[in-house]
Amino acid sequence: MKNNPYADHGMGHISYSFLASWVQSPWQAIGKLAGLEGSVGPAAYRGIAAESGLEVAIKTGDLSQGIMAAEFEFDQRNLGDPKGEKERGKLASYVENAFGIYEHFGQYEAYQKKIVFQHEDLPIPFVGYIDFLYPDMIRDTKTVARNVYSNNPSTSHCRQLAIYAFAYPDRDLWVDYVTPKETISHRVVNVEDHQRSVMKIIHGLEKFLSISTDTQELAAILTPDTDDWRFNDGIREQCDTIWPDITL
């Protein structure tokens, strides 16, 4: 039986959000395994709400219903945080711009389609959620404040969609960057190269997890970047439980 260091650290599956965290800020990824609790804010709520509203607009063919659904979803999550008013005010533009291209694709096959894919080289499966699954393509919607991906998609996002391609190798992969002003779409190419990159990242993570069966010990090997935007107040308050010697 293949060695499974993931089980030693409570990992029953691999998500790309975890892999992205491991690449971008290892201290945060391993910290979460050790009990670090993250937090999200209005920008994250905006993305969830805009996508939810887009789904309603596609399903009903009615943009106004989609916008209302997005605003309702945002209000359910934001719970009166005054910092969220700016994000809420842009929701209509996000939904409108996304719907401007999605209305031409017809009805989707599935929304937030869960995939569970067991790769032969791994002891635990990939688990992910496809935003919009169509008979001939997969589309992933990313809301961004401004479009910094006009020429090329993010490498990280390409890796995310490459994981979906393990489960649906016959579908074209698209990432749609939605801003309050426009939507820029990119087709993901060189999918197999991105899949190989994903597997390389996973094998590196596996080697690190194999160092110790004690998750706290693994976390202690790493040092948080206190200048990183991910190191927010909520994480700062938890530092003593994982990194008691860090200078704040």
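Residues numbered from 1 in each chain as written. Predicted model: local features only at pLDDT ≥ 70, side-chain atom pairs only at ≥ 80, totals over all residues. Heavy atoms only, no water.

**Student:** Looking at this model, I keep getting lost on the layout of surface pockets. Mind explaining?
**Tutor:** Think of a ball as big as a water molecule: rolled over the atoms, this probe shows where empty space is left. When its volume is computed, the largest pocket comes out at roughly 1,900 Å³. Taken together, 46 residues make up the lining of the largest pocket; nearest its centre are Ser-17, Val-40, Ala-44, Lys-142 and Trp-229. Listing elements by their share of the lining of the largest pocket, those giving two or more residues are helix H2 (16-24), helix H3 (26-33), helix H4 (42-60), strand E2 (126-133), strand E3 (137-143) and helix H8 (155-167). Empty space within the second largest pocket amounts to approximately 210 Å³. Here the residues of the lining of the second largest pocket sort into three nonpolar, five polar and three charged. (1 Å grid on protein atoms, 1.4 Å probe; cavity = no way out; pocket = protein on both sides within 12 Å on 5 of 7 lines; lining within 4 Å. Points joined across faces, edges and corners; volume = space filled by probe spheres on them. Helix = DSSP H or I, 4+ residues; strand = E, 2+ residues; numbered from the N terminus. Nonpolar A, V, L, I, M, F, W, Y, C, P; charged D, E, K, R; others polar.)

**Student:** Would you mind showing me how to read the nonpolar core here?
**Tutor:** Nonpolar side chains in soluble globular proteins generally cluster together in the buried interior. In terms of nonpolar packing, the biggest core is built from 34 residues, with Tyr-6, Ile-14, Leu-19, Ile-30, Phe-126 and Ile-202 touching the most fellow members. Looking at this core, the elements with two or more residues in it are H2, H3, H8, helix H9 (191-209), helix H10 (215-221) and helix H12 (239-242). If one sorts the elements of this core by residue count, H9 sits on top with seven residues. Apart from the residues lying within four places of it in its own chain, the contact partners of Tyr-6 are Met-11, Ile-14, Leu-122, Pro-123, Ile-124, Ile-202, Leu-205, Glu-206 and Leu-209. Judged by nonpolar contacts, the second largest core, of 20 residues, contains Tyr-45, Phe-74, Ala-98 and Phe-132. (Core = buried A, V, L, I, M, F, W, Y, C linked by side-chain atoms within 4.5 Å. Buried < 20%, exposed > 50% of the residue type's maximum accessible area, 1.4 Å probe, protein only. Contact = heavy atoms within 4.5 Å.)

**Student:** Looking at this structure, how should I read the environment of Thr-183?
**Tutor:** Mapped onto the fold, Thr-183 is located in strand E5 (residues 183-187). Assessed through its relative accessible area of 18%, Thr-183 is described here as buried. With 82 residues separating them along the chain, Thr-183 and Ile-101 place their C-alpha atoms 7.9 Å apart. Leaving out residues up to four positions away in the same chain, Thr-183 has contacts with Asn-97, Ala-98, Ile-101, Asp-176, Tyr-177 and Val-178. In terms of polar contacts, Thr-183 uses its side chain to reach the backbone carbonyl oxygen of Asn-97, at 3.2 Å. (Polar contact = N/O pair within 3.5 Å; in protein donor to acceptor, adjacent residues only side chain to side chain.)

**Student:** Teacher, can you tell me more about empty space enclosed by the protein here?
**Tutor:** Applying the stated rule across the entire model yields one cavity of 30 Å³ or more. Approximately 40 Å³ is the volume found for the largest cavity. Along its surface, the largest cavity is lined by Ala-50, Glu-51, Leu-54, Tyr-94, Val-95, Ala-98, Thr-141, Thr-143 and Val-178. Elements supplying a minimum of two residues to the lining of the largest cavity: H4, helix H7 (91-102) and E3.

**Student:** Can you help me understand H2 in this one?
**Tutor:** For an α-helix, the turn length of 3.6 residues means that residues three or four places apart are oriented alike. Among all positions of H2, only Tyr-16, Phe-18, Leu-19, Ala-20, Ser-21 and Trp-22 are buried. Structurally, H2 contributes buried residues whose contacts are with H3, H8 and H9.

Nothing here speaks to function; it is all geometry.
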